[in-house]
Each structure stands twice: as C-alpha cells, then as structure tokens.
Amino acid sequence: MKDLKLRIILITAASAIFLIFHLIAYIYNMNVFKEELNSLERAHDFMEDVLELRRYEKNFAFGIDVNDLSEVLLYISKIEKDSNEFMLKQKFPECKKCIVDLKEKLAEYKKIITEVKNKKKPNVNKIRELGHEILTIAKKILSVNKVYVNKSLNRLLLIPSVLMFLFGTLLIIFLIFITYTLLKQIKFIQETTIRIANGDFSYIPTVKDRVSSFAPIIEAFNLMIKELEAREKDLLQAKKLASVGTLVSGVAHELNNPLNNISLTAEMLVDEWKDLSVEEREEMLSDIIEEARRASTVVKNLLDFSRSKLKDADESLDIQEVVKSSLKLVRNQLMISNIQLITEFKKDIPKIKGNYDNLKQVFINLFLNAIQAMPEGGYLKISTKETELNGKRYVEVAVEDSGVGMPPDVLDRIFDPFFSTKPVGKGTGLGLSIVYGIVKKHGGKIRVETEKNKGTTFFVYFPCEEDA
Ligand SMILES: Nc1ncnc2c1ncn2[C@@H]1O[C@H](COP(=O)(O)OP(=O)(O)O)[C@@H](O)[C@H]1O
Ligand SMILES: [Mg+2]
C-alpha cells in the first residue's frame, strides 16, 4: 500500500512538472509566432510599397511624365527607410541576404532615376529591369516570411497535440496498472478472509513477487490470524473447563442417586434384617441390584461417549433415505404424543459422504429431543434442501418443532456432555454432544434457532459428495 501511495505521488508530481514545462514551452512558442506574424505584416507592407513604386515607374515609362518620377523617388526613399528598419528586426538569415541585395539594386535604381530627373536621357529598359528585380526580391522576402509563419503555426498546433496524446496514453496505462494492482489486492483480501472465515488459521507466506504491494496486507492478515488463533485457544480452553464441570457434576449426580438408594436400602437390611419377611428381604435386595444396574448404565454411557464409536464417513448416501429410516423408529412416539409430522423432501438432492448408522443416530437424537420438547403435542417438520455456505455446496436438513424452546443460558450449553434440563432418568445429556461429534466428523455444521414457547429448529449441513 505504501508502495502504491508512493507511485501515485510520483506520477502526480511528474504530471505537474510535465504540464508546467508544457505551458512554458507553449507561451514561448506563442511569442515567437507573434513576432513572426509582425514580420510577415511588415513584409506585406514592404511589398505594397514596391508595387506602388512600380506603378509610378510604369506611368513614367509609358507617359514619360516627370511628376511620376518624383513619386518614384519618394517611394524609393520610403523603401530605403523601411528596409533599414526591417534589417534591424529581421531574424531570418535568408531575408537578411535578400535585403542586402535589395539595397544594392535600390541604390542603382535611385542613381538612374536621379540622373533622368536631372535631364539625362532615360534608359527605360534598364529602369524596368531593375524595377522587376526589386519586385522579385520583395516577393521572396514575403514568401520566406510566410514559410516561417506556417512552420510556427504547425509547431503550435502539432506539438501540444502530440504531447497531450503521449501524456494521456501514459496516464491511462498507469491508471490501468493501479486498478489492476488494487483489484489483485482486493481479490487476495477476499480470498484470505473467506479462508479464515472457514477456520483455516494457517499463516500466509510472503511470496517474492508479491512482496512490494502485498507485504503490508499479508503482515496485517498474519497479525489478525495470530490474534484469532490465540482467542480461539482461550475460548476452547474455557469451553473445555466448562464442559468438564458439567461432565463431573452430571456423572456425580447420576451416580449419587443409585448409590444413595443402595446404601439406604443396605443399611435398612442390616438394621432390620430380623424383623423383615423373606419377601421383603428379596424385594430390597432386588432394589439394590436394580440401582447397581442403573449406576453401571451411567458408567457405560460415559465409557461409550469417551470411546466415541465414530465410524468412517465413507459411504455415498442419500441423506433423505437416512432421515426417512430414522423417522420410522420414532413414529410410534409421535403418535402417542399427539405430534403431527410434516415433511418437505426435495427430488434432486445431491448425495453426501457419510456413515449410515452414525447419521441415523444424529436424526434419532434430534427427533427425540423435539418430541420431548412437546409434551402437549404439536408438529415436527423436517425439510431438506441444497445450499451454499462460504462458496461450498451443502445439503441442509432442518428439524423444526413447535415445542418449549430454550432460554439463551440453556442454548449456550446444549452441546456440552451431560448437560440436561430433563429430570433424572429421562435425559442423559449426551444426545447433542454425540450429534455434534458425528456432524463434525462428517465435515458438516450445526446451527440452532429457538424461541421460548414457540419452538426450536436444528439445521444440520453436510458437504455434497463432489465438494467433500
Ligand atoms: N428440540 C429442543 N427443544 C428444546 N430444548 C431442547 C431441544 N433439544 C435439546 N434441548 C435442550 O438441550 C438439552 C441437551 O439435550 P441432549 O444433549 O439431547 O440431552 P438430553 O436430551 O438427554 O437432555 C436438553 O436437556 C434440552 O434442555
Ligand atoms: Mg436428548
């Protein structure tokens, strides 16, 4: 970015310098042109004087009138004066040479005319010849001036156009370059942001050819990744501690009940052994066995969970088939609980890669939770669709119930092992943590929307097979 800023400043400074030089050159050329125009005007006047001279000279030659001769002399001195002045201001070397020639001819011409005026016999041919030569030189002076003026005019028109064209082209090339660089950077930022949003916290290497314009962005991203990683670790640690707490208190609670019952019953047996009938003794002993079984089920559940029997997710599956076969297992409970089943299945849902048994476990858990959340009945709606998340295609299964919903503090903990709001014996608190583990194992995602006393919807996403 710094580099880009420097480039923009440089090109702006260069443009400003270019424009100033261009302006100075233009003003200078304009002045030159003005001087040349003046010179052309003078050459024009000069030419007119010579033409007048020749008119009187012609009158004299044909009419031999001495009065015309005085006019001729008048014009000669006027032309002499003009040519002196002209000589001073003239810049073009060709013209200077012409004026020198002209002065020579004019002197000769003046001499002859003065002699004729002093009653010498006129040599008309010689006079006419000299007059013609003077006119030719005047014409030449005029044409040289014209050529210079034309050249200047061309310069004035052409140079700015060419320079503006070159400048414009360079500016466009530079703008294209800047836009290209910016677009490349924006694309890089976009791609990296999506990658980080998808949970990939690996650092971005600084590639050599990118160093100049990408280095600061990469640096910023790497700093952000480092920060995010640290925060995620903290969060994970906090969550782990919280779930260990839930787990321990869950297990303690679950085990405490049967152990209490066992010890109470055993104490009663010892104290009142003699007073009890055989049937009563048998009943109490079988109570103890029953409670011991309950305790061992708790331990078994815990073991099952910790060993987490996740199987490889490698079968090509139609998720709707899995949903339908899971539904069969809860149909009875739906009927008993007075729950209406609504399904919205799509025809062309892409296949996913997964494990049939594990996925069935996911849906059975979600359905049972939904049923338990609707003690007064309601509806269970299951819908599927194909969707896109962060540029990847997923199959979405939504499990919606019209049950009791959850307050935020419950929602925060539902995936913790042994977290349950249900009475002892009804819930183990393991369902959703198992669901979570299986969904993660499938590269999927899970999301919950809930509103107290309105209902809850669980959305589970599995990557489409060709995207997995
Ligand atoms: N569909 C639902 N509606 C309302 N609350 C739910 C729903 N599903 C789960 N919960 C809440 O999440 C908790 C944890 O669920 P789960 O892990 O399956 O354990 P359990 O069902 O054994 O309590 C439940 O106790 C309940 O409070
Ligand atoms: Mg459950």
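The shown structure was predicted, so the numbers you read here are calculated from the model rather than taken from an experiment.

*Asks:* So what's going on with the overall build of the chain? Which residues, and what values?
*Replies:* Across its full length, the chain holds 10 helices and 7 strands. Rg of the C-alpha trace for the chain: 54 Å, well past the compact-globule value of 23 Å for 468 residues, more than 25% over. Counting every position in the chain, which comprises 468 residues, the buried fraction comes to 34%. Taking as baseline every contact in the chain between residues at least 6 positions apart, the subset at least 24 positions apart corresponds to 74%. With the model as given, the accessible surface of the chain reaches about 29,000 Å², and the carbon-plus-sulfur share is 59%. For the chain, the separation between the mean place of its 68 positive charges and that of its 65 negative charges on side chains is 12 Å.

*Asks:* Explain the site of ligand 1 residue by residue, including any values.
*Replies:* Taken together, 19 residues lie around ligand 1, and S420, T421, K422, G429 and L432 are the ones closest in. T421 places a side-chain nitrogen or oxygen 2.5 Å from an oxygen atom of ligand 1. Starting from 530 Å² of accessible surface for ligand 1 in isolation, the protein chains cover 95%. Here ligand 1 is seated within the largest pocket.

*Asks:* Go over unusual backbone geometry, please, and point to the residues and values.
*Replies:* The phi angle at N338 is positive, at roughly 60°, despite the residue not being glycine. Of note, N338 is situated in the loop between α7 (319-336) and β2 (339-344). A positive phi is found at N390, a non-glycine position, where the angle reads about 50°. Its place among the elements puts N390 in the loop between β4 (378-389) and β5 (392-401).

*Asks:* I'd like to hear about the domain arrangement of the chain, residue by residue, with values.
*Replies:* Interface extent is often summarised as the accessible area lost during association of the parts. Domain parsing of the chain yields domain 1 (2-177), domain 2 (231-307) and domain 3 (315-467). Using C-alpha coordinates to define each centre, domain 1 is positioned 99 Å away from domain 3.

*Asks:* Provide a residue-level description of the sheet that holds β4, including the pertinent values.
*Replies:* Taken in spatial order, the 5 strands make up an open sheet running β2-β4-β5-β7-β6, and their pairing is mixed. Because the sheet does not close on itself, it has two edges, and the strands there are β2 and β6 (445-451). Averaged over all pairs of adjacent strands, the angle between strand axes in this sheet comes to 15°, irrespective of strand direction. Pairing between β5 and strand β7 (residues 455-463): 8 bridges, direction antiparallel. Across the sheet, residue Y394 finds its bridge partner in β7, namely P463.

*Asks:* Outline the environment of F201, listing residues and values.
*Replies:* Looking at where F201 falls in the secondary structure, it is placed in the loop between α4 (124-197) and α5 (211-272). Sequence spacing of F201 and I225 is 24 residues, and the spatial spacing of their C-alpha atoms is 5.8 Å. If near-sequence neighbours (up to four positions away) are discounted, F201 is found in contact with I196, I225, L228, E229 and E232.

*Asks:* So what about the layout of surface pockets? Which residues, and what values?
*Replies:* Think of a ball as big as a water molecule: rolled over the atoms, this probe shows where empty space is left. Each pocket or cavity is described by its volume, and for the largest pocket that value is around 1,000 Å³. Counting only elements with at least two residues in the lining of the largest pocket, the list comes to α7, α8 (356-372), β5, α10 (431-441) and β7. With 9 residues, α8 is the single largest residue contributor to the lining of the largest pocket. Looking at the lining of the largest pocket, its residues break down into 21 nonpolar, 15 polar and 4 charged.

*Asks:* I'd like a rundown of the environment of I217, residues and numbers included.
*Replies:* Inspection of the secondary structure assignment puts I217 in helix α5. When its relative accessible area of 9% is taken as the criterion, I217 is described as buried. I217 sits 79 residues away from A138 along the chain, and the two C-alpha atoms are 75 Å apart.

*Asks:* An account of helix α3 (residues 93-117) is needed here, citing residue identities and associated values.
*Replies:* With 25 residues, α3 extends 36 Å between its outermost C-alpha atoms, agreeing within 8% with the 36 Å of an ideal straight helix rising 1.5 Å per residue. Burial in α3 covers these residues: C95, C98, I99, L102, L106, Y109, I112, I113 and V116. Positive backbone phi, at 70°, marks K119, one or two positions downstream of α3.

Rules and cut-offs
Residues numbered from 1 in each chain as written. Chains lettered and ligands numbered in written order. Predicted model: local features only at pLDDT ≥ 70, side-chain atom pairs only at ≥ 80, totals over all residues. Heavy atoms only, no water. Helix = DSSP H or I, 4+ residues; strand = E, 2+ residues; numbered from the N terminus. Rg over C-alpha atoms; globule rule 2.2 N^0.38 Å. Buried < 20%, exposed > 50% of the residue type's maximum accessible area, 1.4 Å probe, protein only. Contact = heavy atoms within 4.5 Å. Areas by Shrake-Rupley, 256 points an atom, 1.4 Å probe, with all protein chains shown as cover. Lys, Arg positive; Asp, Glu negative; His and termini not counted. Charge placed at Lys NZ, Arg CZ, Asp CG, Glu CD. Near = heavy atom within 4 Å. Polar contact = N/O pair within 3.5 Å; in protein donor to acceptor, adjacent residues only side chain to side chain. 1 Å grid on protein atoms, 1.4 Å probe; cavity = no way out; pocket = protein on both sides within 12 Å on 5 of 7 lines; lining within 4 Å. Sits in = over half its atoms within 2 Å of the grid points. Domains from an automatic or database assignment. Pairing = 2+ DSSP bridges. Axes fitted to C-alpha atoms, helices over the stretch in contact; angles between N-to-C directions. Points joined across faces, edges and corners; volume = space filled by probe spheres on them. Nonpolar A, V, L, I, M, F, W, Y, C, P; charged D, E, K, R; others polar. Expected span 1.5 Å × (residues − 1).

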